[in-house]
Amino acid sequence: MADSGYLFSVRGRVACVTGASSGLGRRAATVLAQAGAQVVGVARRADALAEWQAEAGGETHAIPYDLSDRDGLEGLARQVVDPFGAPDILVHAAGINTRQPADEVTPEGWDITLTLNLSVPFFLSQYLVPGMKARGWGRIVNFASLQTTRAFPGGIAYGASKGGVAQMTRAMAEAWSPHGITANALGPGFFRTELTAPVFADPERAARNAAQTCIGRNGEPEDLDGPLLFLCSQASAYVTGQVLMVDGGYTAK
């Protein structure tokens, strides 16, 4: 029988998490650090990153960087490698939702959404994959969404980006899994984060969302821990190109 402690272990691995200063990205970076990984957290706000490091403990390194600056990603990749070496695990949790209705979408809103949610995960991965190839082992975890497959009001740019994440994840798997690198995506349901604050600001809407799940409640940050560790560890060695919905059964109803 396989050793479950080994299967789900990330101890000694190097991880990079974008969006590590808040929300589900912060939760992911904290969980990986507390599970024994050396974690490089990337986000725009230096003060929030410092708070994350104090919360996470373990071996961490913070890189304040505005990911909307796509031209600087190659330099960012070099910074990511500096503290602990090339990452084994890459978690793309940074994102934005402008919530512009279709008739009011601006080119600027569209571009920043597609850049942060879709372009950055690909190009940052492209820069860091060679280190994974050299070891014959790597884990890429993208962040999908309910809007990967569902259309929500005010979500046309966000939904387009998250639909793209699903296909990008499959294409990453096709390209890189022969080298021992799995690429999968987590699809969170309604979790209370900075990004979903407008949803939870309306108690009736939050209650309706909870009622649409099979479980009967919205997500709590700890609901992400197990699926994340699964996709970041040896336990998922034969799982690639998949979107794992962590939504309490919202998309099943």
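As annotated in an unreviewed UniProt entry, the protein chain carries the name R or S-dihydroxypropanesulfonate-2-dehydrogenase and is attributed to Ruegeria pomeroyi. Here is the UniProt Sequence similarities (unreviewed entry) comment for the protein chain, exactly as written: "Belongs to the short-chain dehydrogenases/reductases (SDR) family."

### Description of the sheet that holds strand β2 (residues 38–43)
Judged by pairing direction, the sheet is parallel, and its seven strands sit side by side in the order β3-β2-β1-β4-β5-β6-β7 without closing on themselves. Each of the sheet's edge strands pairs with one partner strand only, and the pair in question is β3 (60–64) and β7 (243–246). Taking the axes of each pair of neighbouring strands and ignoring which way they run, one obtains an average angle of 15 degrees across the sheet. Pairing of strand β4 (residues 89–92) with strand β5 (residues 138–143), which is carried by three bridges, proceeds in the parallel orientation. Of the residues in β5, the one forming a bridge with Leu90 is Ile140. The strands touched by helix α6 (residues 156–176) are β5, β6 (181–188) and β7; relative to β5, the strand with the most contacts, the crossing angle is about 165 degrees.

### Let's talk about the nonpolar core
With 31 residues, the main nonpolar core has Val17, Leu32, Val39, Val91, Leu186, Leu228 and Cys232 as its most contacted residues. At the level of secondary structure, the elements contributing two or more residues to this core comprise β1 (14–18), α2 (23–34), β2, α3 (46–56), β4, β5 and α9 (225–232). When residues in this core are grouped by element, the largest group, six residues, is from α2. Apart from residues no more than four positions distant in its own chain, Leu186 is found in contact with Val141, Asn142, Phe143, Ala144, Leu224, Pro227, Leu228, Leu231, Leu244 and Val246. Within the second largest apolar cluster, 30 residues are counted, among which are Leu67, Val80, Ala144 and Trp176.

### Examining the packing of aromatic side chains
On inspection of all chains with the given rule, the structure shows five aromatic pairs. Residues Phe122 and Trp176 carry aromatic rings whose centres are separated by 6.2 Å and whose planes lie at 10 degrees to one another, so their mutual orientation is stacked. Taken as a pair, Phe122 in helix α5 (residues 107–135) and Trp176 in helix α6 lie far apart in primary sequence, 54 residues in all. Looking at Phe122, the relative accessible area reads 28%, which means it is partly exposed. Judged by centre distance (6.0 Å) and plane angle (10 degrees), the ring pair of Phe152 and Phe190 falls under stacked. You can see Phe152 sitting in the loop between β5 and α6 and its partner Phe190 sitting in the loop between β6 and α7 (197–200), a full 38 residues away along the chain. The exposure classification of Phe152 matches that of Phe190, with both residues buried. Note that Arg13 overlies the ring of Trp137, its terminal NZ or CZ placed 3.6 Å from the centroid.

### Looking at the pairing of β1
Most of β1 is tucked away: five of the five residues are buried. Residue alternation in β1 divides its side chains into two sets, Val14, Cys16 and Thr18 and Ala15 and Val17, and both sets are buried. Where β1 meets β2, five bridges bridge the pair, whose relative direction is parallel. Its bridge partner being in β2, Val14 is matched across the sheet by Gln38. In this fold, β1 hands off to α2, which returns the chain to β2; that crossover is right-handed.

### Looking at the pattern of salt bridges
In total, this model carries five salt bridges according to the counting rule given. Across the pair Arg26 and Glu51 runs a salt bridge whose closest N-O atoms are separated by 3.9 Å. Here Arg26, found in helix α2, pairs with Glu51, found in helix α3; they are 25 residues apart in sequence, far enough to count as distant. Of the charged contacts in the structure, one is a salt bridge between Asp225 and Arg27, with a shortest N-O distance of 2.6 Å. In this pair, Asp225 sits in helix α9 while Arg27 sits in helix α2, placing the two residues 198 residues apart along the sequence.

### Side note on helix α4 (residues 73–84)
Think of an α-helix as turning once every 3.6 residues; residues three or four places apart then point the same way. Residues Leu73, Leu76, Ala77 and Val80 constitute the buried set of α4. Looking straight down α4, one finds its buried side chains confined to an arc of 105 degrees; they lie on one side. Turned more than 90 degrees from where α4 packs its buried face, Arg78 and Asp82 sit exposed. In this structure, the buried side of α4 is in contact with β1, β2, β3 and α5. A positive phi of about 100 degrees marks Gly85, the residue just after α4.

Rules and cut-offs
Residues numbered from 1 in each chain as written. Predicted model: local features only at pLDDT ≥ 70, side-chain atom pairs only at ≥ 80, totals over all residues. Heavy atoms only, no water. UniProt positions renumbered as here; feature names shortened; annotations may be inferred. Pairing = 2+ DSSP bridges. Helix = DSSP H or I, 4+ residues; strand = E, 2+ residues; numbered from the N terminus. Axes fitted to C-alpha atoms, helices over the stretch in contact; angles between N-to-C directions. Contact = heavy atoms within 4.5 Å. Core = buried A, V, L, I, M, F, W, Y, C linked by side-chain atoms within 4.5 Å. Buried < 20%, exposed > 50% of the residue type's maximum accessible area, 1.4 Å probe, protein only. Phe/Tyr/Trp six-rings, centres within 6.5 Å; stacked < 30°, edge-to-face > 60°. Lys NZ or Arg CZ within 6 Å of the ring centre and 35° of its normal. Right-handed = clockwise from strand over helix to strand, strands pointing away. Salt bridge = Lys/Arg side-chain N within 4 Å of Asp/Glu carboxyl O. Arc of directions from axis to C-beta.

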